[in-house]
Amino acid sequence: MDAFSGIKGFMDLFPPDSTAFTRLEEAARRIFASYGYDELRTPLVEYTDLFTRSIGAETDVVQKEMFTFPDRRSRLMTLRPEATAGVVRAYVESKRYTREAVSRLFTTGPMFRYERPQKGRSRQFHQLNCECLGSHEPYADAEMIGMLVHFLGAAGITDFDVLLNSLGCGTCRPGYKSALAEFFRGLDLAALCEDCRRRLHTNPLRLLDCKVPGCRALTENAPLLDDFACAECAGHFSTVRRLLDAAGVCYILSPRLVRGLDYYVRTTFEVVSGNIGSQSAVAGGGRYDGLVAQLGGPDVPGIGFACGMERLALLLPEREATAPDFYVAVLDEAALDTGFLLAQQLRRAGFSGETAYAARSAKSHLRQAAKNHAAWACILGSNELAQNSVLLKNMVSGEQRSLPLAPLADLERAMQKGSYEH
Ligand code: HAM
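Report on the accompanying structure. (Residues numbered from 1 in each chain as written. Predicted model: local features only at pLDDT ≥ 70, side-chain atom pairs only at ≥ 80, totals over all residues. Heavy atoms only, no water.)

**Looking at the overall build of the protein**
The secondary structure content of the protein amounts to 15 helices and 16 strands. Against the 2.2 N^0.38 benchmark of 22 Å for 422 residues, the protein shows a C-alpha radius of gyration of 28 Å, more extended than a compact globule. C-alpha extents for the protein along the principal axes are approximately 95 × 55 × 45 Å. Considering the protein as a whole, with its 422 residues, one finds that 50% of them fall into the buried category. Across the protein, every contact between residues at least 6 apart in sequence was considered, and the portion connecting residues at least 24 apart equals 70%. Summed over all atoms, the accessible surface of the protein reaches about 21,200 Å², with 52% contributed by carbon and sulfur. Placing the 48 positive and 50 negative side-chain charges of the protein at their respective mean positions leaves the two points 2 Å apart. (Helix = DSSP H or I, 4+ residues; strand = E, 2+ residues; numbered from the N terminus. Rg over C-alpha atoms; globule rule 2.2 N^0.38 Å. Buried < 20%, exposed > 50% of the residue type's maximum accessible area, 1.4 Å probe, protein only. Contact = heavy atoms within 4.5 Å. Areas by Shrake-Rupley, 256 points an atom, 1.4 Å probe, with all protein chains shown as cover. Lys, Arg positive; Asp, Glu negative; His and termini not counted. Charge placed at Lys NZ, Arg CZ, Asp CG, Glu CD.)

Given below as structure tokens:
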């Protein structure tokens, strides 16, 4: 029978990838908790309208990248392409704003986008996502970016740049959009890519951060939002920068950074790394002050970010896998139960290790113990069974001695002494 294959763009994660994910999650939980973040788990599936309304009907994500399907009653559902929409939906539905002035929520898990799979880009990918709901203050922006950088450092990731921009607000952005439209009217737009020709009518700001060389060239002298920012946006942005400077968080001002989701206002940022190929954005986020109201909640502002775990994993420094303490080697079938119980007892005493489920020759077992990098081999043959003992072999020095199986204290003590020598 033909073996099944997985779905294109949906990956299986074995070690070292799965262990890299665990390390990232551990660092994230530790750092985010130190800033007061609580974990929220939202469903993987939401009604499609939630994403259309929050991410924006004309965005690439909604137009071409969502996994959408009707349920049995023909209601359209979508596998979440990002976490923010679901978090805000849950925040509004649970009326969390009635319980706390500021909610800090952390989410992790798989997201789904129908993109062309390549290095650092898959159709099921994983995000670490933080949202802070309830503050307009630039302190929230600076803390969010600082926390992201703190987390990356704690995970051992050093090779990245933080790109920073402000996208203005409902007051200043319309004037800027008209200026952009005016600028584009004077150009020969035949050189624009297909996406940008669409964006010209839907969201001309997005033309600014298109990576296609023809589009880059055409937009080189486009007006920048900085010159159109209202006093509030300019003041907010300068405070964010002052706070980041004071906190020693490095960033690169990037006036052309326009994120691909429509809900952003004011501060936006991305973390990029030149070391992971063309999919260089490892994290992105920004402020979304109108989103909670847009999804039926009160007028609560928000800011957040998401990191792509597959891309972060590519940047993690190598780490040796931890070696087990023991390998139980049973030479005689009659000793299999004893070996099974010994391994159990050792694990309960805090040691780690494996046992083979079958009796084999000492040579074959010791080869396996060495392959596992086990510190100790616990050998059980017919002699040991008769004497109710175990032969403990130090896998580094080769020394071995016989120790009683009951009580087990001598064996535990002997293993403790030298088990971390390599
Ligand atoms: P985003 O920029 O669309 O933002 O995604 C955040 C990160 O997810 C990206 O920087 C990238 O590392 C990763 N990512 C996105 N698509 C893929 C993919 N197909 N394969 C692998 N990794 C991918 C958001 O999702 C916003 N919800 C972030 C946010 C939270 N803004 C405010 N709060």
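On we go.
**Focus: the sheet that holds strand 6 (residues 124-133)**
Two pairing modes exist for strands in a sheet, parallel and antiparallel, and in both the strands are linked by backbone hydrogen bonds. Strand order in the open sheet made by the eight strands is 1-5-6-11-10-9-7-8, with mixed pairing throughout. Either end of the sheet is taken by a strand with one partner, and the two such strands are strand 1 (38-39) and strand 8 (252-253). Both strand 7 (residues 161-166) and strand 9 (residues 265-272) contribute to a ladder of six bridges, which runs antiparallel. Opposite Asn165, over in strand 9, you have Thr268 as the bridge partner. On the sheet, helix 4 (residues 84-93) packs against strand 5 (103-112) and strand 6 and is oriented at approximately 45° with respect to strand 6. (Pairing = 2+ DSSP bridges. Axes fitted to C-alpha atoms, helices over the stretch in contact; angles between N-to-C directions.)

**A closer look at the layout of surface pockets**
By volume, the second largest pocket is sized at about 700 Å³. Lining the second largest pocket we find 27 residues, and of these Pro15, Pro16, Asp17, Thr19 and Ala20 sit closest to its centre. Going through the elements one at a time, helix 1 (17-34) and helix 11 (309-315) are the ones with two or more residues in the lining of the second largest pocket. Ranked by residues supplied to the lining of the second largest pocket, first place goes to helix 1 with five residues. (1 Å grid on protein atoms, 1.4 Å probe; cavity = no way out; pocket = protein on both sides within 12 Å on 5 of 7 lines; lining within 4 Å. Points joined across faces, edges and corners; volume = space filled by probe spheres on them.)

**Concerning the site of the ligand**
Lining the immediate environment of the ligand, one finds 27 residues, of which Glu82, Glu115, Arg259, Tyr264 and Ala281 sit closest. Contact between the ligand and Tyr263: a nitrogen atom at 3.0 Å from a side-chain N or O atom of the residue. In the environment of the ligand, a nitrogen atom lies 3.4 Å from a nitrogen or oxygen atom belonging to the backbone of Phe305. Against a free-state accessible area of 660 Å², the protein chains account for coverage of 95% of the ligand. Listing elements by their share of the shell around the ligand, those giving two or more residues are strand 6, strand 10 (281-287) and strand 11 (302-308). In terms of residue count, strand 10 provides more of the shell around the ligand than any other element does, six residues in total. Among the residues forming the shell around the ligand, the class breakdown is ten nonpolar, ten polar and seven charged. (Near = heavy atom within 4 Å. Polar contact = N/O pair within 3.5 Å; in protein donor to acceptor, adjacent residues only side chain to side chain. Nonpolar A, V, L, I, M, F, W, Y, C, P; charged D, E, K, R; others polar.)

**Re the pattern of salt bridges**
Applying the stated rule across the entire model yields 20 salt bridges. Here Glu46 and Arg89 are joined by a salt bridge, their closest N and O atoms 2.9 Å apart. Here Arg89 lies in helix 4 and Glu46 lies in strand 2 (residues 45-47), a separation of 43 residues in the sequence. On the accessibility criterion, Glu46 (8% relative accessible area) is buried. Exposure remark for Arg89: the relative accessible area of 22% places this residue in the partly exposed category. Linking Asp60 and Arg198 is a salt bridge whose minimum nitrogen-to-oxygen distance equals 2.8 Å. (Salt bridge = Lys/Arg side-chain N within 4 Å of Asp/Glu carboxyl O.)

**Examining the sheet that holds strand 3 (residues 67-70)**
Ordered by their spatial adjacency, three strands build an open sheet running 2-4-3, and the pairing between neighbours is antiparallel. Only two strands of the sheet have a single neighbouring strand rather than two, namely strand 2 and strand 3. Sheet twist, expressed as the average angle between the axes of neighbouring strands with direction ignored, equals 35°. Bridge count between strand 2 and strand 4 (residues 76-79): three bridges; the pairing is antiparallel. Paired with Tyr47 across the strands is Met77, a residue of strand 4. Against the sheet, helix 2 (residues 48-55) touches strand 2, strand 3 and strand 4, its axis set at about 75° to strand 2.

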